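A look at the structure
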Amino acid sequence: MFIARQDFSTAQVEALNEKLAQTVEGLGGKIAKTEYWGLRSLTYRVKKNRKGHYTLFQIEADNATIAEYERQMRLNEDVLRQMTVKVEEFEEEQSAILRNRDERGGRGGNRRGGPRQHG
């Protein structure tokens, strides 16, 4: 999981995702799944950013590959934060973030799930 700067466009985030995926694959790893969660608010400011583009990678790789990937993430100025968690097996279905967004009907609804009303 990593968070990219808020001033990136979606196309720039996709390019960053592709670059990072190529890095992992170049080191002998494999990206099992990629989920882009969109531009989301941060709990607190990080490097003068109030929002960030969230992306989840599911990576199959050895420890050396993960260590190099994390090192390159720390050096990348476009990445605000990153976190790596080791799991025994990946979830096959969508993450809870995407499931909740889909259940609410994407970005068009309010918090209660109904349509927005314009007055």
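Residues numbered from 1 in each chain as written. Predicted model: local features only at pLDDT ≥ 70, side-chain atom pairs only at ≥ 80, totals over all residues. Heavy atoms only, no water.

Scanning the entire structure with this criterion turns up one aromatic pair. Sitting over the ring of Tyr-54, Arg-40 keeps its end group 5.9 Å from the ring centre. (Phe/Tyr/Trp six-rings, centres within 6.5 Å; stacked < 30°, edge-to-face > 60°. Lys NZ or Arg CZ within 6 Å of the ring centre and 35° of its normal.)

Turning next to the pattern of salt bridges. According to the stated counting rule, one finds four salt bridges in the structure shown. Residue Arg-71 is joined to Glu-68 by a salt bridge in which the shortest nitrogen-to-oxygen separation is 2.9 Å. You can see Arg-71 and its partner Glu-68 sitting in helix 2 (residues 63–75), three residues apart, about one turn around the helix. Since its relative accessible area comes to 37%, Arg-71 is described here as partly exposed. Look at the salt bridges and you will find they share partners, linking Arg-5, Asp-7 and Asp-78 into a network. (Salt bridge = Lys/Arg side-chain N within 4 Å of Asp/Glu carboxyl O. Helix = DSSP H or I, 4+ residues; strand = E, 2+ residues; numbered from the N terminus. Buried < 20%, exposed > 50% of the residue type's maximum accessible area, 1.4 Å probe, protein only.)

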